[in-house]
Amino acid sequence: VTKSVIIDLANEGNAVIIGRASNRILRDKPDAFHVGLVSALEARIKTVAEREHVSQQEARTIATEHERARVAYFKRYFQASVDNPADYQLMLNTTRLGHEAASKVIADAFTTLFIRAA
């Protein structure tokens, strides 16, 4: 079902699909732009704690479990690694760049690859 929904959204165009192994599902779609975001565990813990209003320890548990589930999902359904650079046109470290700069880099890369090239 997830695969079908992602393909339908992508075929409609102008969609931003976050996660759900969409980079693997849409890997052969030439107009799909795959961006991988990575960050340090401590940065993810801080984000989860602030967003969910939980303690640092609870946030650590949530972040660790989320990562474990994400890795297992990729392995089980796609026999793939979550952070394989070959599966993305662009990979960014948001711990080093920050979210605002990462957003700008993504927008600029997309514009260069898909808008200006057209």
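As shown above, the structure is provided for reference.
This is a predicted model, so every value here is computed, not measured.

Caption draft 1: Quick peek at the pattern of salt bridges. Enumeration according to the criterion identifies nine salt bridges in this entry. In this structure, arginine 24 and aspartate 87 form a salt bridge, with 3.0 Å as the shortest nitrogen-oxygen distance. Placement of the pair is arginine 24 in helix 2 (residues 22–25) and aspartate 87 in the loop between helix 4 (56–78) and strand 2 (90–93), with a sequence separation of 63 residues. A single burial state applies to arginine 24 and to aspartate 87, both of which are buried. A salt bridge links glutamate 67 to arginine 70; the nearest nitrogen and oxygen atoms lie 3.2 Å apart. Residue glutamate 67 and its partner arginine 70 are both found in helix 4; the two are separated by three residues, about one turn of the helix. You can call glutamate 67 partly exposed: its relative accessible area is 22%. Judged by its relative accessible area of 25%, arginine 70 is partly exposed.

Caption draft 2: View of the nonpolar core. Among the nonpolar cores identified, the biggest contains 10 residues, and these are Ile6, Ala10, Ala21, Ile25, Leu26, Ala32, Phe74, Phe78, Ala80 and Val82. What alanine 80 contacts, discounting residues up to four positions off in sequence, is Arg24, Phe74 and Lys75. Ranked by size, the runner-up nonpolar core spans five residues in total, among them Ile45, Ala49, Ala59 and Ala63.

Caption draft 3: Local environment of the environment of threonine 2. Tracing the backbone through its elements, the reader meets threonine 2 in helix 1 (residues 2–12). For threonine 2, a relative accessible area of 35% translates into the label partly exposed. A C-alpha to C-alpha distance of 17 Å links threonine 2 and lysine 29, two positions 27 residues apart in sequence. Ignoring sequence-local partners within four residues, the contact set of threonine 2 consists of Arg20 and Tyr73.

Caption draft 4: Here's a closer look at the pairing of strand 2. Every second residue of strand 2 is oriented toward a common face, the buried set being Leu90 and Leu92 and the non-buried set Met91 and Asn93. In the sheet, strand 1 (residues 35–38) pairs with strand 2 via four bridges, with the strands oriented parallel. Bridge assignment links valine 35 to a residue of strand 2, and that residue is leucine 90.

Caption draft 5: Summary view of the packing of aromatic side chains. A complete count under the given rule lists six aromatic pairs for this structure. Ring geometry for phenylalanine 33 against phenylalanine 110: centres 5.9 Å apart, planes inclined by 55°, an arrangement best described as tilted. You can see phenylalanine 33 sitting in the loop between helix 2 and strand 1 and its partner phenylalanine 110 sitting in helix 6 (residues 99–115), a full 77 residues away along the chain. Ring geometry for phenylalanine 33 against phenylalanine 114: centres 5.9 Å apart, planes inclined by 70°, an arrangement best described as edge-to-face. Here phenylalanine 114 lies in helix 6 and phenylalanine 33 lies in the loop between helix 2 and strand 1, a separation of 81 residues in the sequence. Among the aromatic residues, ring-to-ring pairing joins Tyr73, Phe74, Tyr77 and Phe78 into one connected group.

Cut-offs and rules
Residues numbered from 1 in each chain as written. Predicted model: local features only at pLDDT ≥ 70, side-chain atom pairs only at ≥ 80, totals over all residues. Heavy atoms only, no water. Salt bridge = Lys/Arg side-chain N within 4 Å of Asp/Glu carboxyl O. Helix = DSSP H or I, 4+ residues; strand = E, 2+ residues; numbered from the N terminus. Buried < 20%, exposed > 50% of the residue type's maximum accessible area, 1.4 Å probe, protein only. Core = buried A, V, L, I, M, F, W, Y, C linked by side-chain atoms within 4.5 Å. Contact = heavy atoms within 4.5 Å. Pairing = 2+ DSSP bridges. Phe/Tyr/Trp six-rings, centres within 6.5 Å; stacked < 30°, edge-to-face > 60°.

As far as function goes, none of this settles anything; it's purely spatial.
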